[in-house]
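Next come the chains, spelled out residue by residue.
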Amino acid sequence: MTRRIAYKNAYRFHLKADYSIDTPIKPEEAIKTNYLTLEPSGHLTIRAGYAWDGPCVPGVDTESFIRAALVHDALFQLIRAMRLDDVHRDAIDALLKEICREDGIGLLKSWYIHQMVHHFSLPFSDPALTHANAVCAK
């Protein structure tokens, strides 16, 4: 008899320490979840233990893209949870590009990343999306 196990292979990255960043995304009221807090000032805190998929842009799965992917994934999660209005998508995509530039990704590659994310991320803001069908192919 084979013993079966239950496991989850859903995320590539888990945040080891809290991370905070000031964003241009400013909700009218603070948004608080178990792992995310977005203040009306735009200050985003992502708490230790938060899990995310990491970069999903073809050809750009590099360490210099991980922080941008973290912030983008966290903010899109708030949209999927219907805690943040999807009117913020463009600003979130622009923030991703800004973080890429801060982390050393060149102008052309950060433009490419922004274009790919902007054109293909709409389904990832859909509240009906579950993680099982959201994971990008690796």
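Everything below is about the structure printed above this text.
How each quantity is defined
- Residues numbered from 1 in each chain as written.
- Predicted model: local features only at pLDDT ≥ 70, side-chain atom pairs only at ≥ 80, totals over all residues.
- Heavy atoms only, no water.
- Phe/Tyr/Trp six-rings, centres within 6.5 Å; stacked < 30°, edge-to-face > 60°.
- Helix = DSSP H or I, 4+ residues; strand = E, 2+ residues; numbered from the N terminus.
- Buried < 20%, exposed > 50% of the residue type's maximum accessible area, 1.4 Å probe, protein only.
- Expected span 1.5 Å × (residues − 1).
- Contact = heavy atoms within 4.5 Å.
- Core = buried A, V, L, I, M, F, W, Y, C linked by side-chain atoms within 4.5 Å.
- Pairing = 2+ DSSP bridges.

A. Highlighting the packing of aromatic side chains. Taken as a whole and assessed by the stated rule, the structure comprises three aromatic pairs. Aromatic pair Tyr-35 and Tyr-50: ring centres 6.4 Å apart, planes at 65°, arrangement edge-to-face. Note that Tyr-35 is positioned in the loop between β3 (31-32) and β4 (36-38) and Tyr-50 in the loop between β5 (43-46) and β6 (51-52), a separation of 15 residues in sequence. The class for Tyr-50 is buried, based on a relative accessible area of 4%. Put simply, the rings of Phe-13, Tyr-35, Tyr-50 and Trp-52 touch in pairs and so form one group of aromatic residues.

B. Fine view of helix α2 (residues 89-102). With 14 residues, α2 ought to run about 20 Å at 1.5 Å a step, and its terminal C-alpha atoms sit 20 Å apart, in line with that. Buried-residue contacts for α2 involve β2 (19-22), α1 (66-80) and α3 (107-120).

C. Broad picture of the nonpolar core. Core analysis: the biggest nonpolar cluster contains 30 residues, and Leu-38, Ile-46, Tyr-50, Leu-75 and Leu-84 have the highest contact counts within it. Listing elements by their share of this core, those giving two or more residues are β4, β5, α1, α2 and α3. Per element, the largest residue contribution to this core is nine residues, and it comes from α1. Setting aside residues no more than four positions away along its own chain, Leu-38 makes contact with Thr-23, Ile-25, Pro-27, Glu-29, Ala-30, Ile-31, His-43, Leu-44, Leu-75, Leu-78 and Leu-84.

D. Summary view of the environment of Ile-79. Within the secondary structure, Ile-79 sits in helix α1. Here Ile-79 falls in the buried class, since its relative accessible area comes to 4%. Put simply, Ile-79 and Arg-89 are 10 residues apart on the chain and 8.6 Å apart in space, counted from C-alpha to C-alpha.

E. Fine view of the sheet that holds β4. Ordered in space as β2-β5-β4-β3, the four strands form an open sheet in which the pairing is antiparallel. Of all the strands in the sheet, the pair left with one neighbour each is β2 and β3. Pairing of β4 with β5 involves three bridges; the strand directions are antiparallel. Residue pairing for β5: Thr-37 is matched across the bridge by Thr-45.

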